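Spelled out from the first residue to the last, the chains are:
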Amino acid sequence: MSRRKVYLETFGCQMNELDSELVAGRLRALGYAFTPTPDDAHVVLYNTCSVREHAEQKVWSRLGELKARKAADPALVVGVLGCMAERDGEALIRRMPVVDVLCGPGELDKLPALLDNAVRTRESLLRDEPAPEGHTPRLISAREVALQGNTSRRSATLAAAADSLELLDLSRSVSPIDDDGSVKRSAYVRITRGCNKFCTYCVVPFTRGAEVHRPPEHIIDECRRLADAGVVEVTLLGQTVNHYRFEHGAAVTVDGVVQPQKGRSYAGGHRRDPFAGERVTTFADLLARIHDEVPGIARLRFVTSYPRDFGDDVLEVIRDHPRICRYLHVPAQSGSDRLLGLMNRGYSVGEYLEFIDRARAHLDQPEIGRPLGLSGDFIVGFPTETDADFDATVALLRRVRYKNAFIFKYSPRPGTIAIDRYPDDVPEAVKRARNTTLLDVQGEISDELGREQVGRTVDVLVEGASARTRKRRASSPGTVALTVGGRPAGADADFAAADAPGDEPVQLSGRTDTDLIVHFDASPTDALAWRGRIVRVRLDRAAGLSLFGTLIS
Ligand code: SAM
Ligand code: SF4
C-alpha cells in the first residue's frame, strides 16, 4: 500500500507548534507522509488549544466539517491532540463521534502507537466486514485514548529524566531538510513543561500539568544537533521559561515530587539564586552554556518570561553574551494591582515596572541599534474590571512602550479558578471596546518606536520571502507539509515560493535580535543564498511594526 497521508493542523502557541513538529517526526519515521489539505488525507489530526473559547470553537467547526467525509470513508482516522483533548476528555467524543483518537499534551509520546493501532484496526475491520452494496459503511466505534486525567499534576512532577514524555523531545529527528526541500534554519527547543503558577483565568496548569525542567545536558545536546543540521536560531520554550532551575541529583519522592537539596531551597525572586552552584543549573547558567557550547547558534531566544522570576544574573548573561537576543516577552496582563491580585499573578504594577527598568538598565542600547525589544500580553474585561482599572492598563502600556502587545478579551474557561470564583460581569460590548482601544494605543506606540529606528543600521537574520513576494508569486510551485491555524508552517516553506524565476527584485524579510521585522530587496539570483544569514540593513522607513531598508552587506 502507498504511504498513508496525514493532515496535521496546529492551533495556539509555540509549544503546540513544537509538539506538532515532534509528533510529525515520529510519524514520518513510521512511514507516514504529510499532505497540505485534509481532502486526500487518511489521517486528520488537530493539535488544539484551550486557552480561549474562540480557539476551541475553530476546532469544533473543523470536526463538524469532517462528518460527511467520515460517513463516506470510515477508514479515515480523526485525532484530537493537545489541550482540548485533555480538558474535554471522552465528552469530546460523545459530542463529536467522528473522533477516533484523543491524546493529551502530556501523552504525545504515545501518539504514534495509538494512531498506528487506529489505522490498522479500521483497515482490517473494513477488509473483514465491507458494507453491503448500496449501504453507507457503518462508523467504527473502537477508540484510542491517552490522557493524563486527574493524575496529571502528580505524574507530571516526576523528574524529567524519568518522564516518558521526555522521550518525545529526545526522539527529535533532527533533519536539515523540511518536506518542502528547504533547509531548516529556526527551531524551538523545550526547556520546561507545564506550569505551577495557577493564574486564576488559565487552563494551562490543568491541561499541561505541573512544571518539569528538562536536564540541561539533554537541552544542550538537542541544540548542538540542531546547529549541526544547519539551524541558526533556537528559541527556548517554557510557560515561565525564566523559572528554569535544574537540581542535579535531586531526590524524587514516591509521588514524584522533586525535593530540593537540604537547606538549599530557593524561592525565586529578583536576586541571584544564592544556592546556584555545581549542583544547580539556573536559567542564567543554561543560557550561558548554550551560548558558549553551541557556537553554531547565531541567535538564542526564549519565551515566555514571568516578570517575577527575573534575577539580575539572567540580565547580565544576556548583556555579556552577544548571540543571546535582547528581546523579552513578559506578559503583564493588567495595569491594575487589584486585578493582578484577582488574577493571582504574584506581583504588583510597581514590581513589574521595577523589573522593566532593571531590564532596560542592563540591555537597552538604542544608540548602537540594539534597543531592548519588549512585548507583553494583556487581558481586557477580566471580572469586575472598571474603567479606572482599564485606564491603569492603558497607562502601563504607555509607560513601558512595548514594541508589540498581544491583547485578549477575557474568556471564562471551565475548570479554572476564576470561572468558579468571579462572575464574567464585564459585558461583551465593553470588552470589545477596551480591546479596540488598547490595540489603538499599542498601534501608536509601535508606530513611534518604528519611526525612531529609521536611519539606523541593524543586523537582520533573513527568514524568507516577505508576504508581498509570496503573494506575487503565489502561483509558483512549493509544497507545504504542516499548517499552523490553517496557514502554512515555517518560514522555509514560505521561502520555496520565492524560488520562482523572474527578474524583479525579491523582497526578503527577517528580524533583528530585538525582534523587529525588517524587509529589504535582493536580486532574484542571490535571494536564496541570504536565507539563514545575518545581514546588515540600513533602515529607510517604517510602517507600524514593519521596517523597510537597504541591504548593505
Ligand atoms: N505562560 C505565559 C504567561 O503567563 O505569561 C502565557 C501563556 S498563555 C497560554 C498566553 C496568554 O493567553 C496569556 O498571557 C494570557 O494573556 C492569555 N490568556 C490565558 N488565559 C486566558 C483567558 N482565560 N482569557 C483570555 N486570555 C487568556
Ligand atoms: Fe497560565 Fe499563568 Fe502559567 Fe502563564 S503563568 S501558563 S498564564 S497559569
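Note that residues are indexed from 1 along each chain, following the sequence as it is written. Numbering of ligands from 1 and lettering of chains from A proceed in the order in which they are written. The predicted nature of this model means local features are confined to residues of pLDDT at least 70 and side-chain atom pairs, given and counted, to a pLDDT of 80 or more, with totals for whole chains, interfaces and linings taken over all residues. The basis for every side-chain value is the complete set of heavy atoms in the structure, and neither hydrogens nor water enter the calculation.

Caption draft 1: Examining the overall build of the chain more closely. When its secondary structure is counted, the chain shows 19 helices and 25 strands. Pairs at least 24 apart in sequence give 76% of the contacts found in the chain among residues at least 6 apart. All accessible areas in this document rest on Shrake-Rupley with a 1.4 Å probe, and a residue is counted as covered only by the protein chains that are shown. Looking at the chain as shown, the accessible area adds up to about 22800 Å², and 52% of this sits on carbon and sulfur atoms. Secondary structure is summarised from DSSP: a helix means a run of H or I of at least four residues, a strand means a run of E of at least two, and numbering begins at the N terminus for each. Any pair of residues with heavy atoms lying within 4.5 Å of one another is described as a contacting pair.

Caption draft 2: Structural context of helix α2 (residues 53-72). Across its 20 residues, α2 extends 30 Å between first and last C-alpha, which sits within 8% of the 28 Å expected from 1.5 Å per residue. Two axes enter the definition of the bend at a residue: one is fitted to the seven residues ending there, the other to the seven starting there, and the bend is the angle between them. Taken as a whole, α2 carries its principal kink of about 35° at L66. Accessible area is worked out with a 1.4 Å probe on protein chains only. A residue is then buried under 20% of its type maximum, exposed over 50%, and partly exposed in between. Within α2, the full set of buried residues consists of A55, E56, V59, W60, R62, L63, L66 and K70. Multiplying one less than the number of residues by 1.5 Å gives the expected span of a helix.

Caption draft 3: The arrangement of unusual backbone geometry in detail. Cis rather than trans, the peptide bond between V303 and T304 has omega equal to 0°. Structurally, T304 can be placed in the loop between β15 (299-303) and α11 (312-320). Notably, F198 is not glycine yet its phi reads approximately 55°, a positive angle. For Q333, which is not a glycine, the phi torsion comes out positive at approximately 75°. With respect to the helices and strands, Q333 occurs in the loop between β16 (327-329) and α12 (337-342). The class for Q333 is buried, based on a relative accessible area of 6%.

Caption draft 4: Representation of the side chain of D19. Structurally, D19 can be placed in helix α1 (residues 14-29). At a separation of 3.1 Å, a polar atom in the side chain of D19 contacts the side chain of R208. Other than its neighbours up to four places away in sequence, D19 contacts N47, L108, R190 and R208. Two N or O atoms count as a polar contact when they lie within 3.5 Å, although within protein this holds only if one can serve as hydrogen donor and the other as acceptor, and sequence-adjacent residues are included solely when both atoms are side-chain atoms.

Caption draft 5: Examining the side chain of R345 more closely. Tracing the backbone shows R345 in the loop between α12 and α13 (349-363). Within the buried set, R345 has no salt-bridge partner at all; the shortest N-O distance to an opposite charge, 7.2 Å, is to D377. Reaching out from R345, the side chain makes a polar contact with the side chain of Y347 at a distance of 2.9 Å. When neighbours within four sequence positions are excluded, R345 is seen to be in contact with C199, Y201, Y306, P307, R308, P331, A332, Q333 and L340. As used throughout, the charge tally considers Lys and Arg to be positive and Asp and Glu to be negative, leaving His and the chain termini uncounted. The salt bridge definition used is simple: a Lys or Arg side-chain nitrogen within 4 Å of an Asp or Glu carboxyl oxygen.

Caption draft 6: A look at the environment of S305. Inspection of the secondary structure assignment puts S305 in the loop between β15 and α11. With relative accessibility at 2%, the residue S305 sits in the buried group. Excluding residues that lie within four positions of it along the chain, S305 makes contacts with V241, N242, F310, H329, V330 and P331.

Caption draft 7: Just the packing of aromatic side chains, in detail. Whether two aromatic rings pair depends on their centres lying within 6.5 Å, for rings of Phe, Tyr and Trp, where Trp uses its six-membered ring; planes under 30 degrees apart make the pair stacked, over 60 edge-to-face, and the rest tilted. Enumeration over the complete set of coordinates arrives at 10 aromatic pairs. Judged by centre distance (6.2 Å) and plane angle (65°), the rings of F11 and Y46 are edge-to-face. Pair noted here: F11 is in the loop between β1 (5-10) and α1 and Y46 is in strand β3 (residues 43-48), with a separation of 35 residues, a long-range link. The same class applies to F11 and to Y46, which are both buried. When the centroid spacing of 5.5 Å and the interplanar angle of 80° are considered together, the rings of F378 and Y402 count as edge-to-face. Residue F378 is located in strand β17 (residues 373-380), and its partner Y402 is located in the loop between α14 (387-400) and β18 (404-409); the two are separated by 24 residues in the primary sequence. For the pair shown, F378 and Y402 are each scored as buried. Aromatic rings pair up to connect Y201, F382, Y410 and Y422 into one cluster. For R541, the ring lying beneath its charged end belongs to F548, and the centroid distance is 4.1 Å. In this scheme, Lys NZ or Arg CZ marks a charge over a ring once it lies within 6 Å of the ring centre and within 35 degrees of the ring normal.

Caption draft 8: How the structure looks around the environment of G376. Counting through the fold element by element, G376 comes out in strand β17. In sequence terms G376 and I407 are 31 residues apart; their C-alpha atoms lie 8.4 Å from each other. If near-sequence neighbours (up to four positions away) are discounted, G376 is found in contact with H329, V330, P331, Y402, N404, A405 and F406.

Caption draft 9: Molecular detail of the sheet that holds β16. Taken together, the 3 strands give an open sheet; going across it, the order is β16-β17-β18, and neighbouring strands pair in parallel fashion. The sheet is open, and its two borders are formed by β16 and β18, each paired with just one other strand. Averaged over all pairs of adjacent strands, the angle between their axes in this sheet comes to 10°, without regard to strand direction. Where β16 and β17 come together, 3 bridges link them in parallel fashion. When the bridges of β17 are listed, Y327 appears paired with G373. Relative to β18, helix α16 (residues 428-453) is tilted by about 175°, and along the sheet it contacts β17 and β18. In short, DSSP must find at least two bridges between two strands for them to pair. Working convention: axes come from line fits to C-alpha atoms, limited for helices to the stretch in contact. Angles between N-to-C directions cover 0 to 180 degrees.

Caption draft 10: Highlighting the site of ligand 2. Throughout, near means a residue has at least one heavy atom within 4 Å of the molecule or strand. Taken together, C195, K197, F198, C199, Y201, C202, V204, P205, Q239, T240 and R345 form the complete shell of residues around ligand 2. Partitioned by chemical class, the residues of the shell around ligand 2 number 7 nonpolar, 2 polar and 2 charged. Each residue is assigned to one of three groups, with Ala, Val, Leu, Ile, Met, Phe, Trp, Tyr, Cys and Pro labelled nonpolar, Asp, Glu, Lys and Arg labelled charged, and all others, Gly among them, labelled polar.

Caption draft 11: Representation of α14 within the structure. Over its 14 residues, α14 extends 20 Å from the first C-alpha to the last, a length consistent with the 20 Å expected when each residue adds 1.5 Å. Every buried residue belonging to α14 is among D389, F390, T393, V394, L396, L397 and V400, and all of these are buried. Each buried residue of α14 lies within a common arc of 155° when the element is viewed along its axis, so the set occupies one face. Relative to its buried face, α14 has exposed residues pointing more than 90 degrees away, namely D387 and A388. The elements touched by buried residues of α14 are α12, α13, β17 and α16. At the exit of α14 stands R401, carrying a positive phi of roughly 60°. Taken from the helix axis, the directions to the C-beta atoms give the arc we talk about.

Caption draft 12: Up close: the environment of L76. Topologically, L76 is positioned in the loop between α2 and β4 (77-82). Put simply, L76 and R122 are 46 residues apart on the chain and 8.1 Å apart in space, counted from C-alpha to C-alpha. When near neighbours in sequence (up to four residues on either side) are disregarded, L76 contacts A41, H42, V43, V44, R69, K70, D100 and R122.

Caption draft 13: Main features of the packing of α14 against α16. Following both chains from N to C, one finds α14 and α16 inclined at 15°, their axes separated by 10 Å at the closest point. By the criterion of interaxial angle, the relationship of α14 to α16 is roughly parallel. Where α14 crosses over α16, the two elements pack in a sense that is right-handed. Where α14 approaches α16, its residues D387, F390, T393, V394, L397 and R398 are matched on the opposing element by R434, T437, L438, V441, Q442, E444 and I445. Across the contact of α14 with α16, the residue classes tally to 6 nonpolar, 3 polar and 4 charged. Any angle between 65 and 115 degrees counts as roughly perpendicular, while under 35 counts as roughly parallel, over 145 as roughly antiparallel, and the rest as oblique. Crossing handedness: left-handed means the near helix sits turned counterclockwise from the far one by under a right angle, and right-handed means the same turn made clockwise.

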